[in-house]
Amino acid sequence: VCFIPGGLDCSISFVSHVLGKVCIHGRQKEILGVLVPCLTDLTKSDCIWQRICWRLVECVPDRWMEAVVLGFVQRAPGADVLSRLLGNLVVKNKKAQFVVTQKMLLLQYGHTTAVLQNLLGYLSLESLRRTLLLRVLQELLETWSSSSAVKHSPAEQQLYISKAILICLSHLKEPEIESCRQELLTSMMEGVKCHLDSSLPQLRRLGMVVAESISLKINTEGPVLKFEYEEDDETRELKSLLVQTPPFCVVPSLPDDERSEKAGAALPLVPESHEKPHTAAPVMPDEESDAELDSDDDLIPYDMSEDKEQKIKAPVYIRDCIEVLTGSRSEDVDKWEATVKALESLVRKNPAATREVSVELAKILLHLEEKTCIEGFVELRQRAQVAVLTTDPIPVAKYLTSQFYSLNYSLRQRMDILDVLVLAAQELSCPSFHGKTRHSGAQKPCIQLLPGSDSSKDWRRIVDERIKSKTRRFDVGQSRVELASRPNEFNSVAGYFFFPLIQHFDRPLTTFDLLGEDHLVLGRLVHTLAILMYLAVNTMAVTAMGKALLEFIWALRFHTDSYVRQGLLSCISSLLLSVPTERILADMTEEMLETQSWLGDVMEKDPDGDCRRLALQNLLLMENLKKKLEAVPS
C-alpha cells in the first residue's frame, strides 16, 4: 500500500477503472482475493481508509460495477465487513442497487447461503439501507406467493427465494413488522396456498416452513401456524436462518464443565428443580391432599396372568366376508377386523367363488372405510383389491377404470384405483421363479404413493435394468435360476387396464377436472400409464398402446406442472423400451421425429432439472435404438 506524503489530494479513479477492468475480464478471484483481506484490516479502526475504500468502489464505471460488487459480496467475511468496505454504495449508485436488490436475489439463484446472509445483513446494518431491505422483502414475497412463479421456476430457485425471505425476516425489528403486518399476512396466505397446490413435496414443504416462519414473526403473542411434515436437513437449515446470530459474537467451543456452568448462569431457576426435585415445596397444599386421595398406589391389581385373548374366527366364505364388510352393527367390529386381515388369502384360495362376486367385492373394497384403528389398514385393503383384480381381471378392470372418471369420488379414491391397477398389472406380467416369486421392490417399477421430485430415479433404474437385460454376456459362472414356463397373463388384459384410462382425461366433471386444479391426479395418471406401457412389453396390444400414448403425450407436452411433465417423459421411455423398434419406425416415424425435436427443447429450456435429465436420457435411448437397427443386416 502506497502512502502520499504531505497531505496532498489525489484521485483514485484510475485505480477504480483498473479494478473494474480486471474483474470484468475474469480475474475477479485473483485481485479481490488479495485486496479484500487487505482492506478489511485497514478499515477496522481507520475511518480515512473506510472513505478511501468507499471512493474506490463508487468510482467504478457502471458497466463494470456488477463484477466488482459481486466479488466484494462473495469474498467479504461477514455483513459488518461488507458494510465497512462498500458503505452506502447501494443508496448512491443505481447500478449497484439493481445488482444487490434485484439481480442477485430475483434473477440469480446460484449463490450460497453465506452470500445471502452477507448481502441482506449488509442492507440491515444502516438506516438508509433498511428501506431497501423492506422493499427487497416485499418483492421476494410477491415472487414467493405468485402461482405462476411456483409453476415455472425450478425448485432450486424456490429454495433460494425461501432462504432470502427467512434471512430478511430475521433482520426485521418490531416496529417494522408492525408497519407491514397486513402485507406479510396477505402474502403468507396467498403463498402457502399456491405452494400446497404443487405436486412436488419439496415445494409443499417449503411453503409450510416459510408460512410458519412468517406467522411466528407477525403473531408473537397469539396462535401461530403449525403444519405436519417430516423434517430433514433442508427444513432444519431453513428454520435456523430465522434466528439471527450477532455479527460480532464469536462463540468458541467450551469444555463440558464450562458449558454447563454457563447454561446454569443463563437459567438460574432450572438447577434447583433438577438437583432436588423431590424437595420442591408445593404451592397449594389443598391440591396435594387431593392428589393423595386420588392416588391408586394402594390398590391391589388383579392377577391376569392366566387370561387369554379371545380370538374372533374370520369368515371362511367370500359371501360371508361381503356380509361382514357391509354390516353396520357395532358388535361385529372384531369380526370386521378379522375379515379385513383374512380377505386377501381367502380370495386367492377361492378363485371360482371370487369370480362370482368379483365386481361387487371390488366396489365394497373401493368404498371401504376404517371402522377401528387397525394396523396397516390401507395396505390390507389394497392387497385385497389387487387379489380380486388379478383373480378376475377383465370385469374388475372395467369397473375400476369406469369409476376413475365417475362422479362422487374423492381424489384419494381415484388415486387408489391407479395404485391397484399398477400393482395388479405387475403381478400379472411378472412370471414366477422356481423356488421364489418375483416380488422384491427392487425388481419391478412401482407407482409412487406420494409423488416426489425424484420420480425420474425410478425410471432411470428401470431403463438401466431393461438395457442390462438386453445385453448379451458370456460367462461360465454359477447357473441362473430359470424362469417358469407360463404365459404372461397381462398379455390378454393389458388393453382393459390401459385404454379406458386414456379416453376421457380432457372431459371435466363437476367435482373432477384433470386439466384444471386436479393436476396432482393427472400426474399420477400419467405415471400410471407409463408403468402400464412398460409392463405391456411383448404383448399383442403394445403397438396400439404406444400410438395412443404418443397422442396423449403430445396433447399435454406443454403442461405447467413439472410432475406431469416428468410423467410424460417417463411415458416416452416406456414406449421406446416396450414397442418393437421396427414398429416404431414403420408406424410412428413422423411422430417420433416431432418427439425428438420436443425432447431437444425440453433438454435445453425446461426449468425442472429432472425433466431435463429425463429428456436427455430419452434422446440417448432413441439414438441407441437407431444404431442397433442400423447394425442389423437387411
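Residues numbered from 1 in each chain as written. Predicted model: local features only at pLDDT ≥ 70, side-chain atom pairs only at ≥ 80, totals over all residues. Heavy atoms only, no water.

1. Here's the deal with the overall build of the protein
Threshold: What counts as a helix is a DSSP run of H or I of at least four residues, what counts as a strand is a run of E of at least two, and both are numbered from the N terminus. For each residue, the accessible area found with a 1.4 Å probe, counting protein chains only, is set against the maximum for its type, and the residue is called buried under 20%, exposed over 50%, and partly exposed in between. Here a residue-residue contact requires only that any non-hydrogen atoms of the pair lie within 4.5 Å. Using a 1.4 Å probe, accessible areas were evaluated by the Shrake-Rupley method; residue-level cover was limited to the displayed protein chains.
Scanning the protein for helices and strands turns up 32 helices and 0 strands. Within the span of the protein, comprising 634 residues, buried residues form 45% of the whole. At a minimum sequence separation of 6, the contacts of the protein that also span at least 24 residues come to 74%. Accessible area for the protein stands at about 35600 Å²; split by element, carbon and sulfur atoms hold 54% of it.

2. Here we look at the pattern of salt bridges
How we decide: The term salt bridge refers to a side-chain nitrogen of Lys or Arg lying within 4 Å of a carboxyl oxygen of Asp or Glu.
Under the definition given, this model contains 26 salt bridges. Residue lysine 44 pairs with aspartate 41 through a salt bridge whose shortest N-O separation is 4.0 Å. When sorted by exposure, lysine 44 lands in the same class as aspartate 41, which is exposed. Notably, a salt bridge pairs glutamate 174 with arginine 181, separated by 3.7 Å at the nearest N-O pair. Judged by relative accessible area, which is 41%, glutamate 174 ranks as partly exposed.

3. Notes on a negative patch on the surface
The line we're drawing: Residues qualify for a patch when their relative accessible area is over 30% and they have no salt bridge, like charges being joined within 9 Å and the nonpolar side chains of Val, Leu, Ile, Met, Phe, Trp and Tyr within 5 Å. Residues scored as positive are Lys and Arg, those scored as negative are Asp and Glu, and His as well as the terminal groups of each chain are ignored. Note that the charge is assigned to NZ on lysines, CZ on arginines, CG on aspartates and CD on glutamates.
A grouping of Glu551, Glu590, Glu591 and Glu594 is seen on the molecular surface, where their side chains present a negatively charged patch. Residue placement: glutamate 590 occurs in helix α31 (residues 589-605). Take glutamate 590: its relative accessible area is 62%, and that puts it in the exposed class.

4. A short note on a nonpolar patch on the surface
A contiguous nonpolar surface patch, about 290 Å² in accessible area, is contributed by Phe14, Val15 and Val18. Counting through the fold element by element, phenylalanine 14 comes out in helix α1 (residues 13-42).

5. Considerations on the nonpolar core
Short version of the rule: Take the buried Ala, Val, Leu, Ile, Met, Phe, Trp, Tyr and Cys residues and link them wherever side-chain atoms come within 4.5 Å; each set so joined is a nonpolar core. Each domain's extent is set by a domain assignment, obtained either automatically or from a database.
With 92 residues, the main nonpolar core has Phe404, Phe490, Phe497 and Leu525 as its most contacted residues. Considering every element that reaches this core, the biggest residue donor is helix α27 (residues 519-535), with 11 residues. Domain assignment of the residues forming this core places at least three in each of domain 3 (318-428) and domain 4 (489-631). Non-local contacts of leucine 525, meaning those with residues more than four positions away in its chain, are made with Phe404, Tyr405, Leu418, Leu501, Phe505 and Leu514. Core analysis: the next-biggest nonpolar cluster, separate from the first, contains 77 residues, Ile12, Trp64, Leu169 and Ala211 among them.

6. Focus on the packing of aromatic side chains
Defined as follows: Any pair of Phe, Tyr and Trp rings, taking the six-membered ring for Trp, is counted once the centres come within 6.5 Å. Such a pair is stacked with planes under 30 degrees apart, edge-to-face with planes over 60 apart, and tilted for the rest. Whether a charge sits over a ring depends on NZ of Lys or CZ of Arg being within 6 Å of the ring centre and within 35 degrees of the ring normal.
In the structure shown here, the tally under the stated rule is 6 aromatic pairs. Measuring from centroid to centroid gives 5.9 Å for tryptophan 336 and phenylalanine 377, while their planes differ by 25°, and the two rings are stacked. Placement of tryptophan 336 in helix α19 (residues 333-349) and of phenylalanine 377 in helix α22 (residues 377-391) is noted, with a sequence separation of 41 residues between them. The structure contains a cluster of three or more aromatic residues connected by ring pairs, namely Phe404, Tyr405 and Phe512. Sitting over the face of the ring of tryptophan 64, arginine 63 holds its NZ or CZ atom 4.4 Å from the ring centroid. It is arginine 557 that lies over the ring of tryptophan 554; its NZ or CZ is 3.9 Å from the centre.

7. Quick look at the packing of α22 against helix α24 (residues 411-429)
The condition is simple: Inter-axis angles, ranging from 0 to 180 degrees, are taken between N-to-C directions of lines fitted to C-alpha atoms, where helices are fitted over the stretch in contact. With respect to orientation, any angle under 35 degrees is reported as roughly parallel, any angle over 145 as roughly antiparallel, any angle of 65 to 115 as roughly perpendicular, and every other angle as oblique. Whether a crossing is left-handed or right-handed is set by the direction in which the near helix is turned from the far one by less than a right angle, anticlockwise for left-handed and clockwise for right-handed.
Two elements in contact, α22 and α24, have axes separated by 9 Å at closest approach and are oriented at 55°. Considering their axes alone, α22 and α24 lie oblique with respect to each other. By crossing handedness, the relation of α22 to α24 is classed as right-handed. Facing α22, whose interface residues are Arg381, Gln382, Gln385, Val386, Leu389 and Thr390, α24 presents Asp416, Asp419, Val420, Leu421, Leu423, Ala424, Glu427 and Leu428.

8. Regarding helix α28 (residues 542-556)
Note the following rule: Each helix should span, by expectation, one fewer than its residue count multiplied by 1.5 Å.
Helix length check: α28 (15 residues) gives 21 Å between terminal C-alpha atoms against 21 Å at 1.5 Å per residue, within 8%. Those residues of α28 lying buried are Val542, Thr543, Met545, Gly546, Leu549, Leu550, Phe552, Ile553 and Leu556. In this fold, the buried residues of α28 make contact with α26 (494-503), α27, α29 (562-578), α30 (581-587) and α31.

9. Describing the environment of leucine 42
Along the chain, the position of leucine 42 falls in helix α1. Each C-alpha atom of the pair leucine 42 and cysteine 53 lies 9.5 Å from the other, and the pair is 11 residues apart in sequence.

10. Some thoughts on the confidence of the model for the protein
Using the following cut-off: Within a predicted model, pLDDT stands for the predictor's per-residue confidence, ranging from 0 to 100.
Taken as a whole, the protein shows an average pLDDT of 80; of its residues, 78% reach a score of 70 or greater. Model confidence for the protein, summarised as mean pLDDT per element, is weakest for helix α16 (residues 270-275) at 38 and strongest for helix α23 (residues 393-404) at 94. Across residues 247-289, confidence stays below pLDDT 50; counting only partners more than four residues off in sequence or on other chains, it has 6 contacts.

11. Some remarks on the side chain of serine 198
Examined against the element boundaries, serine 198 turns out to sit in the loop between α12 (181-196) and α13 (201-218). In this structure serine 198 comes out as buried when scored by relative accessible area, which is 10%. Non-local contacts of serine 198, meaning those with residues more than four positions away in its chain, are made with Leu203, Arg204 and His519.

12. Focus on the packing of α23 against α26
Applied cut-off: Any residue that is not Ala, Val, Leu, Ile, Met, Phe, Trp, Tyr, Cys, Pro, Asp, Glu, Lys or Arg is counted as polar, Gly included; the first ten are nonpolar and the last four charged.
Taken N-terminus to C-terminus, the directions of α23 and α26 make an angle of 15°; their axes are 9 Å apart at the nearest point. Relative to α26, the element α23 lies roughly parallel. Regarding α23 and α26, the two cross each other, and that crossing is right-handed. Residues Pro393, Ile394, Ala397, Lys398, Thr401 and Phe404 of α23 form the contact with α26, whose own contacting residues are Tyr496, Phe497, Pro500 and Leu501. When grouped by side-chain class, the residues that make up the contact of α23 with α26 number 8 nonpolar, 1 polar and 1 charged.

13. Overview of the environment of glutamate 360
With respect to the secondary-structure elements, glutamate 360 resides in helix α21 (residues 358-367). C-alpha separation for the pair glutamate 360 and tyrosine 399, spaced 39 residues apart in sequence, amounts to 9.6 Å.

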